[in-house]
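Results of the structural survey
Chain by chain, the residues:
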Amino acid sequence: MLILASCQESEQAASVEKPVETTELSDPRTTYAEVDLVTDVDLLNENEKAVIPLLIEASKHMDSIFWLQSYGPEAELMAKLDKEADRRFAKVNYGPWDRLNDNLPFVEGFGPKPPGAGFYPEDMTDEEFQSLDAEDKTSLYTTIRRDAQGKLVSIPYSQDYAYNTEAAARLLESAAELSEDKEFSNYLTLRAQALREDSFDASDIAWLDMKDNHLDIIIGPIENYEDKLYGYKAAHEAYVLVKDMEWSKKLDRFVAFLPGLQEGLPVPDAYKQESPGRDSQLNAYDVIYYAGDCNSGSKTIAVNLPNDEEIQTSKGTRRSQLKNAMQAKYDRILVPISDVLIDEAQRKHITFNAFFSNTMFHEVAHGLGIKNTINGRGTVREALKADFSALEEGKADILGLYMVDELYNQGEIEEGTLEDYYVTFLASIFRSVRFGASSAHGKANMLRFNFFKERNAFIRDETTGTYRVDMEQMKKAMDELSEVILTLQGDGDSEGVKQLIEKYGKIDAELQADLDRLNDAGIPVDVVFRQGVDVLGI
């Protein structure tokens, strides 16, 4: 039976203007800050307040599906755990493996997490998979199972997760009937149909066409981080969002600079021949509910969607900045990290504006570079397989800083100093590298830290154990790493990516000792949430 999960473990703070109420989720293995996930409900009308519970209930079905994709039925695991701390920790991790500690099991009786998670049979061999005669076996939206005779078969998500898929679709349709926003209602109707048919293009385009909606929901199989075997399968998740209309209006003007920034990438012309979609959007939101993949382990604070390469190049993407989530991580994690590891003279350059901007341009930078290899190896995603996500996150990080540098020097970014963005960028590496090698974001930050260290982009004071940015050397390292990553992607050089990760994707003894200092100081690695209609007060 598929069990509806309540998704208790959620992040973030109050809005940027409000103080964040937090407690520590006590656990001997990993520290999380527990935060209320709220927004200013006075800005919502009565119709919107009525729609939100339906969106949250639909999201809970994504939670149930992700449990199956990550481990299996939630109730089955909970029955095996005697300690309340273990049960709470399992809810955070959607299974018995610690996502912020390289997916090591945290209770006895469990072995390593299968790289294919719940998308493939654990005993499946690569030879079996390659010999499977099914056109959709590499689809984002199918699972691989064994039939009664033990042979591999490919099953569409809408069939394998039929109960939760249909329940979520009906809730979205109910929300569509209730909503007074016609564009949002149309999107919800199309998204319900997409869940039933495993075909998402029409609903993705309708989602991009919405411009003035106050409520939003991202729901369905989205990212492929959970599939570490081949990187083929998308995992289910949901975000329920309230748009910050004022902040979104301020951000929207940066979209116009994308074509020029693409042309200026520090790489030969062949690797920047594609043009970013011109209907791209930058928006800011308060997130009021997380479910599934995005709620597991380290919590997402910005989203760039849709992932479909054809839609990205022909129409564009929406970069959604989750402002209240960012504020929680900035207040509870980034600032305390800086007090320990950043040179005292440069701590004044740690600012929320720089953190928000670096994160925002990270998401924008997913649209730069190219989506298709230049030598006929298909899309970059297809060519790099399981290593695609880590390299793509590394690309977005480094090109996000490139964009900030370019726009600041053009006078288009006026707040703060350029040093604010560089120093905050370095502090953010320490924050994200703590996610571990099992996280695409964690691996990308390990790679960048070691690449920057090799090129003296920062200096570590042996006496204080703090780091100071060298602005000139970091700029050089930024350009060099940008070219390395874009070239590997354009060439679809899977072996080259593996070599890059092997060389730079590790935590050496010195960095580990510094990260241990953060743990000793009791600085949380990430956040979990108290969330839902009761927390919102609606």
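Summarised in this report is the structure supplied together with it. Sequence order as written defines residue numbering, which begins from 1 separately in each chain. For a predicted model such as this one, the threshold for reporting local features is a pLDDT of at least 70, and the threshold for listing and counting side-chain atom pairs is 80 or more; totals across whole chains, interfaces and linings nevertheless cover every residue. Each side-chain value is derived from all of the structure's non-hydrogen atoms; neither hydrogens nor water enter the calculation.

Attention shifts here to the overall build of the protein. Across its full length, the protein holds 21 helices and 14 strands. All radius of gyration figures rest on C-alpha atoms, and the globule criterion is 2.2 Å times the number of residues raised to 0.38. The C-alpha radius of gyration computed for the protein amounts to 22 Å, which stays within 12% of the reference 24 Å derived for 538 residues, consistent with globular compactness. For the protein, the spread of C-alpha atoms along the principal axes amounts to about 60 × 55 × 50 Å. Sorting the 538 residues of the protein into buried and exposed places 60% on the buried side. Should any heavy atoms of two residues lie within 4.5 Å, those residues are counted as being in contact. Pairs at least 24 residues apart make up 74% of the contacts formed inside the protein by residues separated by at least 6 positions. Using a 1.4 Å probe, accessible areas were evaluated by the Shrake-Rupley method; residue-level cover was limited to the displayed protein chains. When the accessible surface of the protein is summed, it comes to about 20700 Å², and 47% of that surface belongs to carbon and sulfur atoms. Side chains of the protein carry 57 positive and 97 negative charges; the gap between the two charge centres is 1 Å. Where helices and strands are cited, they refer to DSSP runs of H or I of at least four residues and of E of at least two residues respectively, numbered from the N terminus. Think of it in three bands: residues with accessible area under 20% of the maximum for their type are buried, residues over 50% are exposed, and the middle band is partly exposed, with areas taken using a 1.4 Å probe on protein chains only. Neither His nor the chain ends contribute to the count of charged residues, in which Lys and Arg are positive and Asp and Glu negative. Just so you know, the charge point we use is NZ for Lys, CZ for Arg, CG for Asp and CD for Glu.

Salt bridges are defined by distance alone: a side-chain nitrogen of Lys or Arg within 4 Å of a carboxyl oxygen of Asp or Glu. Evaluation of the coordinates by the stated rule reveals 36 salt bridges. Note that E128 is salt-bridged to R146, the shortest N-O span being 3.0 Å. Taken together, the residues E128 in helix α4 (residues 126-131) and R146 in strand β5 (residues 142-146) connect sequence positions 18 residues apart. Put simply, E166 and R196 hold a salt bridge, and the shortest N to O gap is 2.8 Å. Placement of the pair is E166 in helix α6 (residues 162-178) and R196 in helix α7 (residues 182-197), with a sequence separation of 30 residues. R196 gets classed as partly exposed once you look at its relative accessible area, which sits at 30%. Each of K453, R460, E462, D508, E510, D514 and R517 takes part in salt bridges that share partners, so that together they form one network.

Think of it this way: DSSP has to see at least two bridges between two strands before they count as a pair. One open sheet accounts for 5 strands, arranged β7-β8-β9-β11-β10; its pairing is mixed. Lying at the two open borders of the sheet, with one neighbouring strand each, are β7 (215-223) and β10 (302-305). Each strand of the sheet is rotated relative to its neighbour by a mean of 35 degrees, with strand direction disregarded. Pairing geometry for β10 and strand β11 (residues 318-322), over 4 bridges, is antiparallel. Axis lines are fitted to C-alpha atoms, over the contacting stretch for helices. Their N-to-C directions set the angle, which ranges from 0 to 180 degrees.

Turning to the packing of helix α12 (residues 323-341) against helix α16 (residues 418-433), a few remarks are in order. Relative placement of two packed helices is described by the angle separating their axes and the distance separating the axes. Between α12 and α16, the shortest axis-to-axis distance is 9 Å and the interhelical angle comes to 100 degrees. Our classification of the angle between α12 and α16 gives roughly perpendicular. Taking contact as the criterion, the partners of K329, I333, L334, I337, S338 and L341 in α12 are, on α16, T424, A427, S428, F430 and R431. Residues are sorted three ways: Asp, Glu, Lys and Arg are charged, Ala, Val, Leu, Ile, Met, Phe, Trp, Tyr, Cys and Pro are nonpolar, and all the rest, Gly among them, are polar. Across the contact of α12 with α16, the residue classes tally to 6 nonpolar, 3 polar and 2 charged. Each angle is binned into one of four classes, with values under 35 degrees roughly parallel, values over 145 roughly antiparallel, values of 65 to 115 roughly perpendicular, and all other values oblique.

Here R381 is to be found in helix α14 (residues 380-384). Setting aside anything within four residues of it in sequence, one finds R381 in contact with N224, N307, E309 and F388.

Time to look at helix α20 (residues 509-520). One less than the residue count of a helix, multiplied by 1.5 Å, gives the span that helix is expected to have. Across its 12 residues, α20 extends 16 Å between first and last C-alpha, which sits within 8% of the 16 Å expected from 1.5 Å per residue. Its buried side turned inward, α20 meets α12, α16, α17 (440-454), β12 (458-461) and β13 (466-469). Following α20 by one or two positions, G522 has its phi on the positive side, about 75 degrees.

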